[in-house]
Amino acid sequence: MRKAAIVGIGHTVFGNLSDYDLVDVMSFASTNALDDAGIRENRKIIDQVLVANMGGGIINHQTGIASSLVSRIDLEPAMAELVENGPASGASAVKLGYSLIASGMADVVMVTGGELMRAVTGWVATDFVATLLHPEAEYNYGITLPGFGGIFTRMYMERYGLTEEELSLVAVKDHENGSKNPWAHVETICTIEGICNSPDAKVVNNMVADPLRMYHMCPVSDGAATVILCALDSPKMKYFKEKEPILLNGIGSATDTHCLHHRKDPLELTAVRLSAERAYKMAGLKPEDISFAELHDAFIILELAISEEVGFFKRGKAREAIVKGITRINGSLPINTSGGLKAKGHPLGATGVSQIYELVKQLRGEAEKGRQVKNPKHGLSVNFGGFGNNVVTTICSKE
Amino acid sequence: MIIDEMEKKLRPPEIALKPYPAKMITLANGEVMVVREVHRNEAAVLLETISPLIGVKKDFYDIVAARMYAEVLGWHLYRVANEFVLVGAINGEIVGLVTSRCVDENIGMSLHTLTVKRGLRIGAQLFAAKMEHHLELLEQKEVWIVAESPNGFKRFLIEYELDSAEDRYPGVQHELGGVPTCILTRTLYDAVREQKVTGTRPVPAEILGTADVLKAPGEYPQIPGYKRSRK
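The rules behind these values
- Residues numbered from 1 in each chain as written.
- Chains lettered and ligands numbered in written order.
- Predicted model: local features only at pLDDT ≥ 70, side-chain atom pairs only at ≥ 80, totals over all residues.
- Heavy atoms only, no water.
- Helix = DSSP H or I, 4+ residues; strand = E, 2+ residues; numbered from the N terminus.
- Rg over C-alpha atoms; globule rule 2.2 N^0.38 Å.
- Contact = heavy atoms within 4.5 Å.
- Phe/Tyr/Trp six-rings, centres within 6.5 Å; stacked < 30°, edge-to-face > 60°.
- Lys NZ or Arg CZ within 6 Å of the ring centre and 35° of its normal.
- Salt bridge = Lys/Arg side-chain N within 4 Å of Asp/Glu carboxyl O.
- Buried < 20%, exposed > 50% of the residue type's maximum accessible area, 1.4 Å probe, protein only.
- Pairing = 2+ DSSP bridges.
- Buried area = accessible area lost by both parts, 1.4 Å probe.
- Polar contact = N/O pair within 3.5 Å; in protein donor to acceptor, adjacent residues only side chain to side chain.
- Axes fitted to C-alpha atoms, helices over the stretch in contact; angles between N-to-C directions.
- Parallel < 35°, antiparallel > 145°, perpendicular 65-115°, else oblique.
- Left-handed = near helix turned anticlockwise from the far one by under 90°.
- Nonpolar A, V, L, I, M, F, W, Y, C, P; charged D, E, K, R; others polar.
- Disulfide = S-S within 2.5 Å.
- Expected span 1.5 Å × (residues − 1).

Student: Before we move on, could you go through the overall build of chain A and cite the residues and values that matter?
Tutor: Along chain A, the regular secondary structure elements total 14 helices and eleven strands. Here chain A has a C-alpha radius of gyration of 19 Å; the compact-globule value for 399 residues is 21 Å, and the two agree. Each of the three principal axes of chain A carries a C-alpha extent, and together these read 60 × 45 × 40 Å. Long-range contacts, defined as pairs at least 24 residues apart, comprise 77% of the intrachain contacts of chain A with a sequence gap of at least 6.

Student: Give me the lowdown on the packing of aromatic side chains, citing residues and values where you can.
Tutor: Overall, the coordinates contain nine aromatic pairs over all chains when judged by the stated rule. With a centroid separation of 5.1 Å and 90° between ring planes, the pair formed by Tyr 20 of chain A and Phe 28 of chain A is classed as edge-to-face. An aromatic cluster is present here, built from Phe 148, Phe 152, Phe 384 and Phe 387 of chain A joined pairwise through their rings. Note that Arg 11 of chain B overlies the ring of Tyr 78 of chain B, its terminal NZ or CZ placed 3.7 Å from the centroid. The residue whose ring lies beneath Lys 196 of chain B is Tyr 160 of chain B, and the NZ or CZ to ring-centre distance is 5.5 Å.

Student: Break down the pattern of salt bridges for me, citing the residues and quoting the values.
Tutor: A side chain with one charge may pair with a side chain of the opposite charge, provided their charged atoms come close. This structure, assessed with the given rule, holds 49 salt bridges over all chains. Residues Asp 36 of chain A and Arg 364 of chain A are paired through a salt bridge, measuring 2.8 Å at the closest nitrogen-oxygen approach. Taken together, the positions of Asp 36 of chain A in helix α1 (residues 22-37) and Arg 364 of chain A in helix α14 (residues 348-364) put the pair 328 residues apart, joining distant regions of the chain. Side by side, Asp 36 of chain A and Arg 364 of chain A carry an identical accessibility label, which is buried. Close ionic contact of Arg 228 of chain B with Glu 48 of chain B constitutes a salt bridge, the shortest N to O distance being 3.8 Å. Placement of the pair is Arg 228 of chain B in the segment after α8 (205-208) and Glu 48 of chain B in helix α2 (residues 43-50), with a sequence separation of 180 residues.

Student: Go over the pairing of strand β8 (residues 182-185) of chain B, please, and point to the residues and values.
Tutor: All names here are of chain B. Of the two faces of β8, the one lined by Cys 182 and Leu 184 and the one lined by Ile 183 and Thr 185 are each fully buried. As judged from the four bridges shared by strand β6 (residues 142-145) and β8, these two strands associate in the antiparallel manner. Residue pairing for β8: Glu 142 is matched across the bridge by Thr 185. Relative to β8, strand β7 (residues 163-164) runs antiparallel, the two sharing two bridges. When the sheet's bridge partners are listed, Asp 163 is paired in β8 with Ile 183.

Student: Break down the interface of chain B and chain A for me, citing the residues and quoting the values.
Tutor: Often, the extent of an interface is quoted as the loss of accessible area on bringing the components together. On the chain A side, the residues contacting the 24 residues of chain B number 20 residues. When the two sides are added together, the surface that chain B and chain A hide from each other amounts to roughly 1700 Å², 54% of it contributed by carbon and sulfur. Our count for the contact surface shared by chain B and chain A stands at one salt bridge. The partner of Lys 58 of chain B in a salt bridge is Asp 19 of chain A, with the nearest N and O atoms 4.0 Å apart. Across the contact surface, chain B and chain A share seven residue pairs in polar contact (both at pLDDT 80 or more). Looking at the side of chain B that touches chain A, the elements that each hand over two or more residues are β1 (23-26), α5 (150-158) and α7 (186-196) of chain B.

Student: Explain the packing of helix α4 (residues 122-137) of chain B against α7 of chain B residue by residue, including any values.
Tutor: Residue and element names in this part refer to chain B. Their axes nearest at 11 Å, the elements α4 and α7 cross at an angle of 135°. Put simply, α4 runs oblique to α7. The handedness of the crossing between α4 and α7 is left-handed. On the side of α4, the interface is formed by Gln 125, Ala 128, Met 131, Glu 132, Leu 135 and Glu 136, while α7 contributes Arg 186, Tyr 189, Arg 193 and Lys 196. In the contact of α4 with α7, the residues fall into four nonpolar, one polar and five charged.

Student: Which residues make up the state of the cysteines, and what values go with them?
Tutor: A full pass over the atoms with the stated rule returns zero disulfides over all chains. Just so you know, Cys 196 of chain A is unpaired, no disulfide at all, and the nearest cysteine sulfur is the one on Cys 190 of chain A, 10 Å from it. This cysteine, Cys 102 of chain B, is not joined by any disulfide, and Cys 182 of chain B carries the nearest cysteine sulfur, 19 Å off.

Student: Could you give me a rundown of the environment of Gly 104 of chain A, with the residues and numbers involved?
Tutor: Residue and element names in this part refer to chain A. As for its placement among the helices and strands, Gly 104 is situated in the loop between α4 (89-103) and β4 (108-116). Among the residues examined, Gly 104 registers a relative accessible area of 45% and is labelled partly exposed. In the structure, Gly 104 is positioned 130 residues away from Ser 234 in sequence and 9.9 Å away in space, judged by C-alpha atoms.

Student: Tell me what's going on with helix α3 (residues 61-76) of chain B, and back it up with residues and numbers.
Tutor: All names here are of chain B. With 16 residues, α3 ought to run about 22 Å at 1.5 Å a step, and its terminal C-alpha atoms sit 22 Å apart, in line with that. Among the residues of α3, Tyr 61, Val 64, Ala 65, Met 68, Glu 71, Val 72, Gly 74 and Trp 75 are the ones counted as buried. Looking at the packing, one finds that the buried side of α3 touches α2, β3 (83-90), β4 (93-102) and β5 (107-115). Positioned one or two residues after α3, Tyr 78 has a phi angle of 60°, which is positive.

Student: Give a detailed account of the sheet that holds strand β2 (residues 32-37) of chain B, specifying residues and quantitative values.
Tutor: Residues and elements named next belong to chain B. Spatial strand order, β1-β2-β3-β4-β5-β6-β8-β7: eight strands in an open sheet with mixed pairing. Among the strands making up the open sheet, the edge pair consists of β1 and β7. Against the sheet, α3 contacts β3, β4 and β5, and its axis sits at roughly 125° relative to β5. Here α7 sits on the sheet and contacts β7 and β8; the angle it forms with β8, its principal contact strand, is near 70°.

Student: A description of the sheet that holds strand β9 (residues 292-295) of chain A should follow, citing residues and the corresponding values.
Tutor: All names here are of chain A. Strand order in this open sheet of nine strands is β3-β2-β4-β7-β1-β8-β11-β10-β9, and the pairing throughout is mixed. With partners counted over all chains shown, the strands left at the sheet margins are β3 (79-83) and β9, one partner each. Along the sheet, successive strands turn relative to each other by an average axial angle of 25°, direction set aside. Of the strand pairs in this sheet, β4 and strand β7 (residues 222-231) are connected by nine bridges, and their pairing is antiparallel.

Student: Break down the side chain of Thr 112 of chain A for me, with residues and values.
Tutor: All names here are of chain A. Locating Thr 112 in the fold gives a position in strand β4. One polar contact links Thr 112 to Ser 30, side chain to side chain, over a distance of 2.9 Å. Once residues lying within four places of it in the same chain are set aside, the contact partners of Thr 112 are Met 26, Ser 30, Leu 50, Val 51, Ala 52, Leu 69, Ala 225 and Thr 226.

Student: Run through the environment of Leu 126 of chain B, naming residues and quoting values.
Tutor: All names here are of chain B. By the element assignment, Leu 126 lies in helix α4. A C-alpha to C-alpha distance of 14 Å links Leu 126 and Tyr 160, two positions 34 residues apart in sequence. Not counting chain neighbours up to four residues away, the residues in contact with Leu 126 comprise Met 33, Val 35, Val 87, Gly 88, Gly 96, Leu 97 and Val 98.

Student: How would you summarise the packing of α2 of chain B against α3 of chain B if you had to cite specific residues and measurements?
Tutor: Residues and elements named next belong to chain B. Between α2 and α3, the least distance of the axes is 10 Å, while the angle of their chain directions is 170°. Judged by the inter-axis angle, α2 sits roughly antiparallel to α3. Contacts between α2 and α3 involve Ala 43, Leu 46, Leu 47 and Ile 50 from the former and Ala 65, Met 68, Tyr 69, Val 72, Leu 73, Trp 75 and His 76 from the latter. Split into classes, the residues belonging to the contact of α2 with α3 amount to ten nonpolar, one polar and no charged.

Interpretation in functional terms is not warranted from these geometric data alone.
Laid out in structure tokens, this is it:
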């Protein structure tokens, strides 16, 4: 199979971008990536554009987004398609971009993920995301993603003895990293005293989906991110001289039952495990080779559970890692160096691309002061669709 | 000020309002915010705090700041009846403020809530303190509320599950211009009080002392690059 490298990355700030339309926001990230790759003038070398987005048609009343983006940034006649795979749309689009390169259909692929979710209230946004659940067995009964997050957290706490304070340490770590990331939606730090132990904590950190409180969940964000892939054996690689190419070393995806209650053990995230196994196999790596990771912590319990499924820790042991500081920026296995979905934000279609952006940024050594991992070689990201029913794991490496 | 006869005629009749006892709230980032009532002789620092935000279009800061500037000035010059102003201050620096007034002994009229430091639910805490003052300390029966921004609508009208004023008082309009008016009744307040209202009293002297002399913010996240020159 042909090998591909990431040769350009772009990002917008995550947060409230409701002054712009969806394609504007995607254009900002895309042109940022063109500049990063040094091909603004030679942008027509891009063969294919893939756009990752989940809600354009539903909440922004906008379709045909891939064609619109190509036109907005003057990339015609590049091929262009939309990829929708729920919150895992971003990494799925990167996977498909890689497939096009591997198959020989394209040499240079731009993948832009973006979402504008703050155009609607939080209630409408939550309802829109819940449309990915089973319509009759789940959605119709009022189940939402935060609802599943709460149920999952409660089960995990009961089985493994995780406490609210231990869980909150994930938020403290993520906010600390996010406060140093200029793209992050949430710029403030939080403390255990402030969100857990003070007499005001129950109001300041209000309950959302028992036992999950506000600081245990990602915000609703707007934003976009872009990566540009190029086949390593392509003559077009000559255009990418400005930045160190980062190898897209492994990428795998897997699915699980649509209905959560069909799973033998709801705490087992089988699709995460299988997608990671496929990515490790493709890259020829093992969990212990990974220097740092970006894990899909839409609810912070997922950072712990995913880190166990991808083989970083044994089941139920991720709580010890967070308590010991292993996953902090200066720990032996930093997780969510960008702030994660928790602090950086979670514009659905953008998230998977943004995670890979962060892998590249860290591997290039370009992360901001205070959140650069020391000498990273391999970074891993997990983009989690549905409630774990469609997951993509990506491994990027220094060449 | 010497109050001459004309000035006396210009001033509205006032109800003597009970003072709002200061409280302190530990925020999510661990900082302690003192919430206290402001006195008329402190109006200048409030105006200084509000005025830069009049030019900020995003999130409707312009309309909220412009109206609040007028409310604070009107209160300072005795042109608004029964108004009170509460501030949130961290180490003496104003991070948010709220304005409100009593129509009579039973009805409160919520005016505006303005947050300078964002991302810590400071506006939510100050709005809750305003409702606490109306319904618990001043013992009023209800508070009339409108929202002039989507943030206000989401934070207050939806989260407090307010009643529509139209059902209760057909045709009656809120003073802020007759936009759809909602009412926080004591029953609705009691239903959400535990999730919305917090704070510790009395505030230890060393913490209360930090808010004795209020300072206008040195920087505004809403105005990138803004730096206030300190005299």
